[in-house]
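Given next are the chains, with one letter for each unit.
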Amino acid sequence: MSRFLCVLRSWLLMVSVIAAGNTLQCFRDYSFVSEKLYTASPGLVNGLQARTFGIWSLLSSVVRCLCALDIRNQTLYYITLFTFVVALAHFLSEVFIYHTAALTMGIMAPLMVASFSILGMLIGLQYLEVEAQSQNKKKN
């Protein structure tokens, strides 16, 4: 396995652990969501919305962790990539379309993580293709 894929696996695992932590915060105290993320409209955040966000974070965490463990699983890889695309679209829409979030550090962090992850996973696709081609050559 290439060094890049090893780093990508570590990155996915780290992001997964952070998302699991965010899940716990969403269930423990919903003010986390209004104080860190939806700062432009904190009155719109309630316990239900925070728990829904927590469930999304948990699902993303599990998918990203599984991808880190089995990075060669193409279907899982694309699903994981899509979790980052959805997260990026969500946070960008909350800032620029719905105006419920401001460009604070609480929003910039997930935007950067999603952006870097998308870039890393797109680069990782190249490494996985090269790896698959070399495996096919060895078989022949």
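This one's a predicted model, so the numbers in the text were calculated from it and none came from an experiment. Starting afresh in each chain, residues are numbered from 1 along the sequence in its written order. With pLDDT at 70 or above as the cut-off, local features in this predicted model cover only qualifying residues; side-chain atom pairs require 80 or more to be listed or tallied, and sums for whole chains, interfaces and linings still use all residues. With hydrogens and water stripped out, all remaining heavy atoms of the structure feed into the side-chain values.

## Section: the side chain of Thr100
Inclusion rule: In this description a helix means any DSSP run of H or I spanning at least four residues, a strand means any run of E spanning at least two, and both kinds are numbered starting from the N terminus. Burial classification: accessible surface area is computed with a 1.4 Å probe over protein chains only, and a residue below 20% of its type maximum counts as buried, one above 50% as exposed, and the rest as partly exposed. Polar contacts, as counted here, are pairs of nitrogen or oxygen atoms within 3.5 Å of one another; within protein the pair requires one atom able to donate a hydrogen and one able to accept it, and residues that are adjacent in sequence qualify only if both atoms are side-chain atoms. By definition, residues are in contact when any of their heavy atoms lie within 4.5 Å.
Residue placement: Thr100 occurs in the loop between helix H4 (74–96) and helix H5 (105–139). On the basis of relative accessible area, Thr100 is assigned to the buried category, the value being 10%. Within polar-contact distance, the side chain of Thr100 engages the side chain of Glu94 at 2.2 Å. Excluding its chain neighbours within four sequence positions, the residues that come into contact with Thr100 are Tyr38, Thr39, Ala40, Ser41, Leu44 and Glu94.

## A look at helix H3 (residues 47–69)
Quick note on the threshold: What a helix should span is 1.5 Å times the count of its residues minus one.
Given a rise of 1.5 Å per residue, 23 residues ought to cover 33 Å, and the 33 Å separating the end C-alpha atoms of H3 matches this to within 8%. The complete set of buried residues in H3 reads Gly47, Ala50, Phe53, Gly54, Ser57, Ser60, Ser61, Val63, Arg64, Cys67 and Ala68. The inward-facing, buried residues of H3 contact helix H1 (3–28), helix H2 (31–36), H4 and H5. Structurally, the start of H3 carries an N-cap: the backbone nitrogen of Leu48 is 3.0 Å from a side-chain oxygen of Asn46.

## Quick notes on the nonpolar core
Looking at soluble globular proteins, one finds that nonpolar side chains tend to be buried together. What counts is decided by this rule: We define the nonpolar core as a collection of buried residues of types Ala, Val, Leu, Ile, Met, Phe, Trp, Tyr and Cys that are connected through side-chain atoms lying within 4.5 Å of one another.
In this structure, Leu8, Leu12, Cys67, Ile71, Tyr77, Phe84 and Met121 are the most contacted members of the largest nonpolar core, which totals 16 residues. Contributions of two or more residues to this core are made by H1, H3, H4 and H5. If we skip the residues at most four places from it in the chain, Leu12 touches Arg64, Cys67, Ala68, Ile71, Thr80, Phe84 and Met121. Listed in part, the 13 residues of the second largest apolar core include Phe32, Leu37, Tyr38 and Leu111.

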